[in-house]
Amino acid sequence: MESSSSGTTSSTIQSSSGSEESLMEQRKRKRMLSNRESARRSRMKKQKLLDDLTAQVNHLKKENSEIVTSVSITTQHYLTVEAENSVLRAQLDELNHRLQSLNDIIEFLDSNNNNGMCSNPLVGLECDDFFVNQMNMSYMMNQPLMASSDALLY
């Protein structure tokens, strides 16, 4: 009996160890499947992040291109306005110079009128005054002031 009893014990131990090995195999397979699924989810998450970043890069490139175009247009407008401003400043300087000359002539004529040298400088040649002749010439040769932005470029 001893032999049969020890034979049964040994088969029970083998059966129990076989059951443990089977259980360990199942756990190992379950862990492998879980790891595979986790790796698959990780790859999908990484791919989605990459796709999102690629879309963001494309959007930012488009936005940057629009900004560069806008800056270029604004710069062109600025240069045009700057050129027009230079022309207007040149015309202003010329007109101020003309006005100052006319005021000097008027001041001279007024001072001469008070001294009785010339009664009316605009009617005939009663005076041989240089300024009076210049004033008469300016009325006869009154031409508009022309300036161009091309003349003022550096």
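All residue numbers refer to position in the chain's written sequence, counted from 1. For a predicted model such as this one, the threshold for reporting local features is a pLDDT of at least 70, and the threshold for listing and counting side-chain atom pairs is 80 or more; totals across whole chains, interfaces and linings nevertheless cover every residue. As a rule here, side-chain values come from all non-hydrogen atoms in the structure, and water together with hydrogens is ignored.

- As annotated in an unreviewed UniProt entry, the protein chain carries the name BZIP transcription factor 11 and is attributed to Camelina sativa.
- UniProt positions are given in the numbering used here, feature names are shortened, and annotations may be inferred rather than shown by experiment. According to the UniProt record, the Subcellular location (unreviewed entry) comment for the protein chain reads "Nucleus".

Details of the overall build of the protein chain
Thinking step 1. When its secondary structure is counted, the protein chain shows two helices and zero strands.
Thinking step 2. For the protein chain, with 154 residues in total, the buried portion stands at 7%.
Thinking step 3. A sequence separation of at least 24 residues applies to 47% of the contacts in the protein chain between residues at least 6 apart.
Thinking step 4. Summing over all exposed atoms, the protein chain offers an accessible surface of approximately 13,500 Å²; the carbon and sulfur share of this is 57%. A run of DSSP states H or I qualifies as a helix once it reaches four residues; a run of E qualifies as a strand once it reaches two. Both are numbered from the N-terminal end. For the exposure calls, accessible area comes from a 1.4 Å probe over protein chains only, and a residue counts as buried if that area is under 20% of its type's maximum, exposed if over 50%, partly exposed in between. Note on contacts: a residue pair qualifies if any of its non-hydrogen atoms lie within 4.5 Å across the two residues. To be clear on the numbers: accessible area is Shrake-Rupley with a 1.4 Å probe, and residue cover counts the displayed protein chains and nothing else.

Side note on the environment of Thr54
Thinking step 1. Turning to its location among the elements, Thr54 is positioned in helix H1 (residues 2–115).
Thinking step 2. Note on Thr54: relative accessible area 40%, which makes it partly exposed.

Section: the pattern of salt bridges
Thinking step 1. In the sections that follow, a salt bridge refers to a side-chain nitrogen of Lys or Arg positioned within 4 Å of a carboxyl oxygen of Asp or Glu. Considering all chains together, one arrives at four salt bridges under this definition.
Thinking step 2. Linking Lys48 and Asp52 is a salt bridge whose minimum nitrogen-to-oxygen distance equals 3.1 Å. Taken together, the positions of Lys48 and Asp52, both in helix H1 and four residues apart, correspond to about one turn of that helix.
Thinking step 3. Take Asp52: its relative accessible area is 40%, and that puts it in the partly exposed class.
Thinking step 4. Within the structure, one salt-bridge network assembled from shared partners comprises Glu37, Arg40 and Arg41.

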